Amino acid sequence: MTATEAPIRKDQIKTIMRNCAYNSDIKEEWVQWATGEVAKRSLHDLTEQQANAIIAKQTGAAPSQNRTHKDAFEGFDAKNSKHRAVLSMAIQAQWSLPHKKHGKIADMKRIAHFLKSDRSPVKKPLTEQSSDELSKTIKAFEGIVNHRYK
């Protein structure tokens with residue numbers, strides 16, 4: 001599947017809807033504009049590239065590049081307690097960056113690098129790991145934290 005054929009991502013759906021003030025009539029207009037087809041009204045009818053074009057027009061910014069495989073490793077679900085546990089342990093292991101509002105945040109690039117390495121028990125992005133796989137990742141981060149404070 002090429003980048004022009006990739007389906008719209010969840011984060012793009014959320015961004016477009018937020019930019020439309022959650023008004024479905026406005027959203028439908030954008031879908032019709034991007035697809036060039038009056039019959040299409042759903043965001044799920046869009047490709048990733050079309051969604052990028054809508055977001056760029058809505059925000060006045062240059063169209064963002066398609067998400068790379070590398071970027072997928074830096075993603076997480078803030079509502080998932082196991083993802084939050086991994087981020088917490090990364091901060092405890094001092095894998096963090098300064099942040100104006102939150103003080104410290106987990107260094108997602110370093111976490112991504114770890115998840116891709118031979119030291120990771122599961123070589124998948126957090127968002128693609130099952131509950132059992134996340135448990136293995138958490139166990140690995142517990143080992144990192146314990147080693148750090150040995």
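Quick caveat: nothing in here was measured; it's all calculated off a predicted structure.

Undergrad: Help me get a handle on the nonpolar core, residues and values and all.
TA: In terms of nonpolar packing, the biggest core is built from 20 residues, with Trp-95, Ile-111, Phe-114 and Phe-141 touching the most fellow members. Those elements that place two or more of their residues in this core are helix 5 (81–92), helix 6 (108–116) and helix 7 (131–148). Core analysis: the next-biggest nonpolar cluster, separate from the first, contains 11 residues, Ile-16, Leu-46, Ala-51 and Ile-54 among them.

Undergrad: Explain the environment of Lys-116 to me, using residue names and the numbers behind them.
TA: Inspection of the secondary structure puts Lys-116 in helix 6. Counting along the chain gives 97 residues from Lys-116 to Asn-19, while the straight-line C-alpha distance between them is 34 Å.

Undergrad: A description of helix 5 should follow, citing residues and the corresponding values.
TA: Helix length check: helix 5 (12 residues) gives 16 Å between terminal C-alpha atoms against 16 Å at 1.5 Å per residue, within 8%. In this fold, the buried residues of helix 5 make contact with strand 2 (103–106), helix 6 and helix 7. The residue sitting at the N-terminus of helix 5 and contributing the capping side-chain oxygen is Asn-80; that oxygen lies 2.8 Å from the backbone nitrogen of Lys-82. Where helix 5 ends, the next residue or the one after it, Gln-94, has phi of about 65 degrees, a positive value.

Undergrad: Please set out the pairing of strand 2 residue by residue, giving values where relevant.
TA: Sheet analysis places strand 1 (residues 96–99) next to strand 2, joined by four bridges and oriented antiparallel. If you follow His-99 over to strand 2, its bridge partner there is Gly-103. Linking strand 1 back to strand 2 in an antiparallel pair, the connection comprises three residues.

Undergrad: I'd like to hear about the environment of Ala-53, residue by residue, with values.
TA: One can find Ala-53 in helix 3 (residues 48–59). For the pair Ala-53 and Trp-30, spaced 23 residues apart in sequence, the C-alpha separation works out to 9.9 Å.

Undergrad: Describe the packing of helix 2 (residues 24–35) against helix 3, naming the residues involved and giving the relevant values.
TA: The contact between helix 2 and helix 3 brings their axes to 10 Å, and the two run at 120 degrees. Here helix 2 is positioned oblique relative to helix 3, judged by the angle of their axes. The handedness of the crossing between helix 2 and helix 3 comes out as right-handed. In contact with Trp-30, Val-31, Trp-33, Ala-34 and Thr-35 of helix 2, helix 3 contributes Gln-50, Ala-53, Ile-54, Lys-57 and Gln-58. Looking at the contact of helix 2 with helix 3 residue by residue, the class counts come to six nonpolar, three polar and one charged.

Undergrad: Tell me about unusual backbone geometry, and name the residues and values.
TA: One non-glycine residue, Tyr-22, lies in positive phi territory at about 60 degrees. Mapped onto the elements of the fold, Tyr-22 is located in the loop between helix 1 (10–19) and helix 2. Although it is not a glycine, Gln-94 sits at a positive phi angle of roughly 65 degrees. Mapped onto the secondary structure, Gln-94 falls in the loop between helix 5 and strand 1.

Undergrad: With reference to specific residues and values, describe the pattern of salt bridges.
TA: Across all of its chains, the model carries five salt bridges by this definition. With a shortest N-O distance of 2.9 Å, Asp-11 and Arg-9 are connected by a salt bridge. Classification of Asp-11 as partly exposed rests on a relative accessible area of 33%. A salt bridge links Arg-9 to Glu-48, with the nearest nitrogen and oxygen atoms 2.3 Å apart.

Undergrad: I'd like to hear about helix 7, residue by residue, with values.
TA: A rise of 1.5 Å per residue sets the reference length of helix 7, with its 18 residues, at 26 Å; its end C-alpha atoms lie 26 Å apart and thus fit the reference within 8%. The complete set of buried residues in helix 7 reads Glu-133, Leu-134, Thr-137, Ile-138, Ala-140, Phe-141, Ile-144 and Val-145. One side of helix 7 holds all its buried residues, which, seen down the axis, span an arc of 160 degrees. Summarising the geometry of helix 7, the exposed residues directed more than 90 degrees from the buried face are Asp-132, Lys-139, Asn-146 and His-147.

Analysis parameters
- Residues numbered from 1 in each chain as written.
- Predicted model: local features only at pLDDT ≥ 70, side-chain atom pairs only at ≥ 80, totals over all residues.
- Heavy atoms only, no water.
- Core = buried A, V, L, I, M, F, W, Y, C linked by side-chain atoms within 4.5 Å.
- Buried < 20%, exposed > 50% of the residue type's maximum accessible area, 1.4 Å probe, protein only.
- Helix = DSSP H or I, 4+ residues; strand = E, 2+ residues; numbered from the N terminus.
- Expected span 1.5 Å × (residues − 1).
- Contact = heavy atoms within 4.5 Å.
- Polar contact = N/O pair within 3.5 Å; in protein donor to acceptor, adjacent residues only side chain to side chain.
- Pairing = 2+ DSSP bridges.
- Axes fitted to C-alpha atoms, helices over the stretch in contact; angles between N-to-C directions.
- Parallel < 35°, antiparallel > 145°, perpendicular 65-115°, else oblique.
- Left-handed = near helix turned anticlockwise from the far one by under 90°.
- Nonpolar A, V, L, I, M, F, W, Y, C, P; charged D, E, K, R; others polar.
- Salt bridge = Lys/Arg side-chain N within 4 Å of Asp/Glu carboxyl O.
- Arc of directions from axis to C-beta.

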